[in-house]
Amino acid sequence: MDGPTLIEEHQPTEAEAKAAARLLMRWAGRAGDAGAAEVAELIARAAPYPDLARGYEDGFRPDAAYLAAMPDLQNGPAGLIKGARVPIQHVGISNFRLPIRYRVRGGGEVQLETSVTGSVSLEADRKGINMSRIMRSFYQHAEKHFSAEVIQGVLDSYVADLDSFDARIQMRFRYPMVRRSLRSGLEGYQYYDVALEVVRHGRDTKRIMHLDYVYSSTCPCSLELSEHARESRGRIAVPHAQRSVARVSVELAGAERLWFEDLVDLCARAIPTETQVMVKREDEQAFAELSGANPIFVEDAVRVLCAELDKEHRIGDFRVVASHQESLHSHDAVSILTRGETFHQSSYDPRLFDTLYHVG
């Protein structure tokens, strides 16, 4: 009869089993694909899990050796990659939120809840990234006044940490500005959807600002038809108007700062019929007169904005996406105008215009 096997002679303790598992994981990381496959086969043949302790070990603090032995699948061997072994253009986090301080054009600062999207490129032979490093990079700069330049510094930090070639950061927030009524002198806060974006492609970096400008658009055709009914038949008629949105995206050019307020003022010069915050009767009448003096089709909207954007030396390439959410029709009137290569594209998000609805 055969003698006892090695396993029968010595049953390993739980501590020895855990140490062996950690050793195998370290070996697999150095051995590459073959090692990872062998470890996977060993695990598949292993006995069922032992009866583990289920209480939370509140006082446990890992030491350096324990941390070094912990498995890290995202930085594991290429054999762990699922699917096609191809590069990924962008991988990261979306809607990571934190309070951020921004400078105001007139001096001072405002702190706003900000939604952050951060991503990097991933090479074909890498399993994944440590996404928490993107968040940690932001917290390293949390006490600063944020601007496109500071965002570029954050991007530099996590590109270095993640050893990546391309990267992108986008920060979205609602920026408050005091707006005065047309005739009564009342004031109130208008909130603007703003996004700052920095895009790194190799050594090329682009700084981009996005703004949603909300205005009322009175149809020029409807206005003329209403006047015709009054003059020819003495009939009261009202031209149709509707809440409308222009999403203006601009590449920041040069070192001189373009303030959020500057872009709002530019839009107001092009289309003065911005929706109002505080109104009395005299303001409502004034707005009716202002709309009558500035009727506008959706084609007009992108062109008058283009004319103003072309004059601004702090702006390079740009795009204007406009949506007039019709009160006459059951559909919207839309238009897109781009200048330069930054925003030119053949295909758009099929839900692009759905994102331009502002409901107050």
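This text goes with the structure placed above it.
Residues numbered from 1 in each chain as written. Predicted model: local features only at pLDDT ≥ 70, side-chain atom pairs only at ≥ 80, totals over all residues. Heavy atoms only, no water.

Draft legend 1. Quick peek at the packing of helix α8 (residues 260–270) against helix α10 (residues 298–311). Put simply, α8 and α10 touch, their axes get as near as 9 Å, and they point 130° apart. The orientation of α8 with respect to α10, classified from their angle, is oblique. Between α8 and α10 lies a crossing whose hand is right-handed. Here Leu263, Leu266, Cys267, Arg269 and Ala270 of α8 come into contact with α10, specifically with Val304, Leu305, Glu308 and Leu309. (Axes fitted to C-alpha atoms, helices over the stretch in contact; angles between N-to-C directions. Helix = DSSP H or I, 4+ residues; strand = E, 2+ residues; numbered from the N terminus. Parallel < 35°, antiparallel > 145°, perpendicular 65-115°, else oblique. Left-handed = near helix turned anticlockwise from the far one by under 90°. Contact = heavy atoms within 4.5 Å.)

Draft legend 2. Highlighting the side chain of Glu261. Relative to the elements of secondary structure, Glu261 occurs in helix α8. Nearest to the buried, unbridged Glu261 among oppositely charged side chains is Arg105, at 4.6 Å. Here Tyr175 takes part through its side chain, which lies 2.6 Å from a polar atom of the side chain of Glu261. (Buried < 20%, exposed > 50% of the residue type's maximum accessible area, 1.4 Å probe, protein only. Lys, Arg positive; Asp, Glu negative; His and termini not counted. Salt bridge = Lys/Arg side-chain N within 4 Å of Asp/Glu carboxyl O. Polar contact = N/O pair within 3.5 Å; in protein donor to acceptor, adjacent residues only side chain to side chain.)

Draft legend 3. Structural view of the sheet that holds strand β7 (residues 241–252). In spatial order, the strands read β3-β1-β2-β4-β5-β6-β7-β8-β9; together these nine strands make up an open sheet with mixed pairing. Each edge of the open sheet carries a strand with a single partner, namely β3 (145–146) and β9 (333–339). Two elements, strand β1 (residues 88–103) and β3, share two bridges in a ladder whose sense is parallel. Residue pairing for β3: Arg101 is matched across the bridge by His145. (Pairing = 2+ DSSP bridges.)

Draft legend 4. Inspection of the packing of aromatic side chains at higher detail. Going through the model one piece at a time under the given rule, you end up with seven aromatic pairs. Of the aromatic side chains, those joined through ring pairs into one cluster are Tyr102, Phe173, Tyr175 and Phe260. One cation-aromatic arrangement involves Arg257 over Trp259; the distance from NZ or CZ to the ring centre is 4.7 Å. (Phe/Tyr/Trp six-rings, centres within 6.5 Å; stacked < 30°, edge-to-face > 60°. Lys NZ or Arg CZ within 6 Å of the ring centre and 35° of its normal.)

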